Amino acid sequence: MYDVSYRHALKMCNRYRHGNITAYKNLSEFLKSYIEAVLVLIPHAFHQEVVRKCAEAGKHVLCEKPMAVTLEECDSMIEATREAGVKFMIAENHRFLPAHRYIHDVIKEGLIGDVLLVRAYGGVNEIAGITQPGSWKGDIMKAGGGCFMDMAAHKFATLEWILEDRVHSVTAMLSKQATGLPEKGEDNVLAIVTFSKGAFCELVVSFTQQTVPFNSLEIHGTQGTIFENHMWDRPVRFFSFSRAMGENRKKWFEPELEHGPFPHYYTISVKHEDGHFARCILEDKEPEFSPEEARSAIECILTGYLSAIKGREITSEELVDFAKQNCSASIIKELGEHIVTRPGLPEEKRVKPLGLDIERAARVMEKHGLDLVIATSPVNVYYLTGLPVLPSAPNPILFALKNMYHNIAILRWDGHVCLLHWELFRSTEKFCWANEYKGILNQKDARQSVWSKLKKWGARGKRVGLESTASRFLTDHLSSKDPELEKVTADDVFLELRLIKSPEEIALIEKATRISEKAILACVGMAREGVTDSEFLCHAKMKMLDEGTDTWDHLTLSIGGSDPEAHGIGTAVSKGDILRFDFGAICGGYVSDVNRHVVLGPVPANAQKLVEGS
């Protein structure tokens with residue numbers, strides 16, 4: 001067994017009593033073991049990467065649904081497993097539920113005639129996960145969306161198989177009924193689906209059901225109707241006019257099937273699913289649920305998501321064309337802006353990252369072999385979280401007391417950011433884009449919180465990057481808790497991340513530069529004999545505020561031989577003085593640094609040499 005949390009892997013191993021299970025600390029060592037097949041149970045967005053690694057190691061792969069979050073990832077998984085010659089199946093347990101197999105056969109035999117109308121429902125209670133900022137459940141980027149990606153994968157895969165038909169179009173309405181967290185996807189969906197042979201379907205899935213999980217299905221045809229509900233002891237009831245029904249014709253019929261209400265139908269369906277995959281390996285045959293069928297379910301889901309974005313019905317052909325031109329990953333990235341939030345639901349705004357590029361950060365960390373990085377300096381904490389810890393912080397007390405406790409930001413390899421901040425700063429959510437944050441008050445809190453987070457993330461014995469200026473109280477504590485933890489200096493990593501600026505960062509730097517230049521030009525315009533450094537400073541501050549600066553990083557000036565760091569004491573300009581203005585405005589935490597030299601009157605020879613040499 002392998003898990004990103006080694007401690008969690010050990011705990012899971014201890015649950016099984018039918019043989020010894022070895023827990024591994026890293027995936028590569030796990031894949032070198034004697035095992036022949038791997039069951040992948042990880043957040044959806046990471047399926048493709050892990051499945052490819054398993055296939056390259058020659059392991060057969062049974063991967064939990066949904067297959068992936070983009071068509072490109074699905075294709076990559078199919079290609080990798082085929083090239084490696086390994087068996088590959090998505091763990092779609094609904095395909096192996098006896099009730100569903102029975103319904104498939106009833107329709108195939110024509111006992112209800114041609115299918116006209118379908119109603120499909122699936123509901124669970126995932127409120128705990130979708131309302132938790134740090135949980136991947138329902139996170140658009142990590143889960144590929146909300147309940148539609150999570151649960152409609154069951155529905156589309158099962159319905160296309162039962163009806164032996166392909167989805168033609170989807171019109172989906174997405175809503176958030178339980179959480180206002182911006183990173184989370186939809187928790188309730190109503191979709192209208194049309195099939196190629198003409199059947200219509202009302203498909204509903206929910207993360208907010210206040211009962212135990214269950215699924216239901218209605219199928220109405222020209223010769224009869226089927227009702228199915230996972231909560232019934234006898235899950236299937238159907239009525240048929242077909243003469244093939246014999247004495248049960250024109251009667252409600254309830255066949256005896258292997259079934260049990262929740263949670264038993266999970267055990268039954270998974271038993272048949274896993275048994276089938278094992279037999280495919282032992283008998284060297286292909287799984288009856290093919291990767292292409294699993295990919296088709298993802299195509300249906302993305303068609304629904306594109307429908308919500310475009311505000312109209314989308315056909316599967318349109319989705320394919322869109323994916324060819326734009327890459328289907330763009331649908332997931334745009335999805336959050338098109339999910340309707342329930343009126344009256346408290347809005348939980350989350351600031352968007354200004355400069356942090358999560359995908360690039362992951363590449364940089366991989367290049368340096370780091371599992372996570374820890375930032376404690378104000379500039380790097382600001383870069384990773386957006387928390388105002390610079391001199392322009394909206395809370396001046398926070399900045400004034402920063403030496404009493406510095407903030408800590410932890411960036412994980414997958415882009416998840418955790419912030420540990422001064423407890424008395426109550427406006428974190430207004431400024432910070434970290435996935436999760438926690439207030440602490442002292443060094444003890446800091447030590448315990450950092451170590452607790454590293455344990456939870458499975459970072460024992462991993463490679464962690466820290467700044468060269470990281471506090472001894474923190475580094476010593478990590479060493480004492482985990483002597484195998486590899487701590488490396490990551491100054492170059494942070495520098496590499498920050499050097500490449502986003503368009504938003506560039507815009508702020510340009511704005512700060514323009515404001516500084518205008519303030520200097522305003523001072524140049526008023527330069528004449530008798531003007532004091534105090535008057536220059538007052539004029540510069542007023543100009544900067546008028547132009548929209550947040551504040552200034554520095555307003556340095558010198559007149560003749562005056563001390564540039566001791567300005568504002570009434571030093572007046574005399575003819576022939578060199579005036580040096582060095583201003584830095586701050587906009588959104590980004591600082592400019594502009595300086596100009598001015599000579600009042602004809603330039604003396606000595607001054608000319610200084611000017612030319614500057």
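The shown structure was predicted, so the numbers you read here are calculated from the model rather than taken from an experiment.

### Points about the pairing of strand 1 (residues 37-40)
Argument step 1. Burial along strand 1 is one-sided: the face carrying Val 38 and Val 40 is buried and the face carrying Ala 37 and Leu 39 is not.
Argument step 2. Direction of pairing for strand 1 relative to strand 2 (residues 60-64): parallel, over a ladder of four bridges. If you follow Ala 37 over to strand 2, its bridge partner there is His 60.

### Comments concerning the packing of aromatic side chains
How two aromatic rings sit relative to each other is set out by the distance from centre to centre and by the angle between their planes.
Argument step 1. Enumeration according to the criterion identifies 17 aromatic pairs in this entry.
Argument step 2. Note on Phe 227 and Trp 252: the rings are 5.3 Å apart at their centroids and 15° apart in plane angle, and the pair reads as stacked. With Phe 227 in strand 9 (residues 224-229) and Trp 252 in strand 11 (residues 252-253), the pair connects residues that are 25 residues apart, well separated along the chain.
Argument step 3. With 5.2 Å between their ring centres and 70° between their planes, Phe 536 and Phe 581 make a pair best called edge-to-face. Highlighted residues: Phe 536 in helix 21 (residues 533-547) and Phe 581 in strand 21 (residues 578-587), separated in sequence by 45 residues. Taken as a pair, Phe 536 and Phe 581 share a single burial class, namely buried.
Argument step 4. In this structure an aromatic cluster arises from ring pairing among Phe 227, Phe 239, Phe 241 and Trp 252.
Argument step 5. Its end group placed over the ring of Tyr 6, Lys 25 keeps NZ or CZ at 5.1 Å from the ring centre.

### Focus: helix 5 (residues 98-108)
Argument step 1. For helix 5, the full list of buried residues reads Pro 98, Ala 99, His 100, Ile 103, His 104, Val 106 and Ile 107.
Argument step 2. A positive phi of about 80° marks Gly 110, the residue just after helix 5.

### Topic: the sheet that holds strand 3 (residues 88-91)
Argument step 1. Strand order in the open sheet formed by three strands is 1-2-3, and the pairing between neighbours is parallel. Strands with a single pairing partner mark the edges of an open sheet, and in this sheet they are strand 1 and strand 3. Adjacent strand axes in the sheet meet at a mean angle of 15° when their direction is disregarded.
Argument step 2. Sheet strands touched by helix 9 (residues 264-282): strand 1, strand 2 and strand 3. Its angle to strand 2, the strand with the most contacts, is close to 160°.

### Overview of the sheet that holds strand 17 (residues 436-440)
Pairing between the strands of a sheet comes from backbone hydrogen bonds, and it takes one of two forms, parallel or antiparallel.
Argument step 1. Read across the sheet, six strands follow the order 17-16-15-14-18-19 without closing on themselves; strand pairing throughout is mixed. Looking at which strands have only one partner, the edges of the open sheet turn out to be strand 17 and strand 19 (486-489). The average angle at which neighbouring strand axes cross in this sheet is 20°, direction not considered.
Argument step 2. Sheet topology places strand 14 (residues 372-375) next to strand 18 (residues 463-466); three bridges connect them, and they run parallel. Residue pairing in the sheet places Ile 374 in a bridge with Leu 466 of strand 18.

### Re the packing of helix 13 (residues 358-367) against helix 19 (residues 491-499)
Argument step 1. It is the contact of helix 13 with helix 19, at a shortest axis distance of 10 Å, that shows an interaxial angle of 150°. Relative to helix 19, helix 13 is oriented roughly antiparallel. Considering only the axes of helix 13 and helix 19, their crossing is right-handed. For the pair helix 13 and helix 19, the contacting residues are Arg 360, Ala 361, Val 364 and Lys 367 in the first and Val 493, Glu 496 and Leu 497 in the second.

### Observations regarding the environment of Ile 281
Argument step 1. Structurally, Ile 281 is set in helix 9.
Argument step 2. What makes Ile 281 partly exposed here is its relative accessible area of 21%.
Argument step 3. The sequence separation of Ile 281 and Ala 37 amounts to 244 residues, and the corresponding C-alpha distance is 8.7 Å.
Argument step 4. Excluding anything up to four places from it in sequence, Ile 281 contacts Ala 37, His 60 and Lys 87.

### Thoughts on the side chain of Glu 273
Argument step 1. Tracing the chain through its elements places Glu 273 in helix 9.
Argument step 2. An unpaired buried charge is present at Glu 273: no salt bridge exists, and Lys 65, the closest side chain of opposite charge, is 10 Å distant.
Argument step 3. A distance of 3.0 Å separates a polar side-chain atom of Glu 273 from the backbone nitrogen of Asn 93.
Argument step 4. Apart from the residues lying within four places of it in its own chain, the contact partners of Glu 273 are Leu 62, Met 89, Ala 91, Glu 92, Asn 93 and Phe 96.

### Points about a positive patch on the surface
Argument step 1. Judged by side-chain charge, Arg 7, Lys 11, Arg 15, Arg 460 and Lys 481 come together as a positively charged surface patch.
Argument step 2. With three residues, helix 1 (residues 6-15) is the single largest residue contributor to the positive patch.
Argument step 3. The residue Arg 15 is located in helix 1 in this model.
Argument step 4. For Arg 15, a relative accessible area of 58% corresponds to the exposed category.

What counts, and at which threshold
Residues numbered from 1 in each chain as written. Predicted model: local features only at pLDDT ≥ 70, side-chain atom pairs only at ≥ 80, totals over all residues. Heavy atoms only, no water. Buried < 20%, exposed > 50% of the residue type's maximum accessible area, 1.4 Å probe, protein only. Helix = DSSP H or I, 4+ residues; strand = E, 2+ residues; numbered from the N terminus. Pairing = 2+ DSSP bridges. Phe/Tyr/Trp six-rings, centres within 6.5 Å; stacked < 30°, edge-to-face > 60°. Lys NZ or Arg CZ within 6 Å of the ring centre and 35° of its normal. Axes fitted to C-alpha atoms, helices over the stretch in contact; angles between N-to-C directions. Contact = heavy atoms within 4.5 Å. Parallel < 35°, antiparallel > 145°, perpendicular 65-115°, else oblique. Left-handed = near helix turned anticlockwise from the far one by under 90°. Lys, Arg positive; Asp, Glu negative; His and termini not counted. Salt bridge = Lys/Arg side-chain N within 4 Å of Asp/Glu carboxyl O. Polar contact = N/O pair within 3.5 Å; in protein donor to acceptor, adjacent residues only side chain to side chain. Patch = residues over 30% accessible without salt bridge, like charges linked within 9 Å, V, L, I, M, F, W, Y side chains within 5 Å. Areas by Shrake-Rupley, 256 points an atom, 1.4 Å probe, with all protein chains shown as cover. Charge placed at Lys NZ, Arg CZ, Asp CG, Glu CD.

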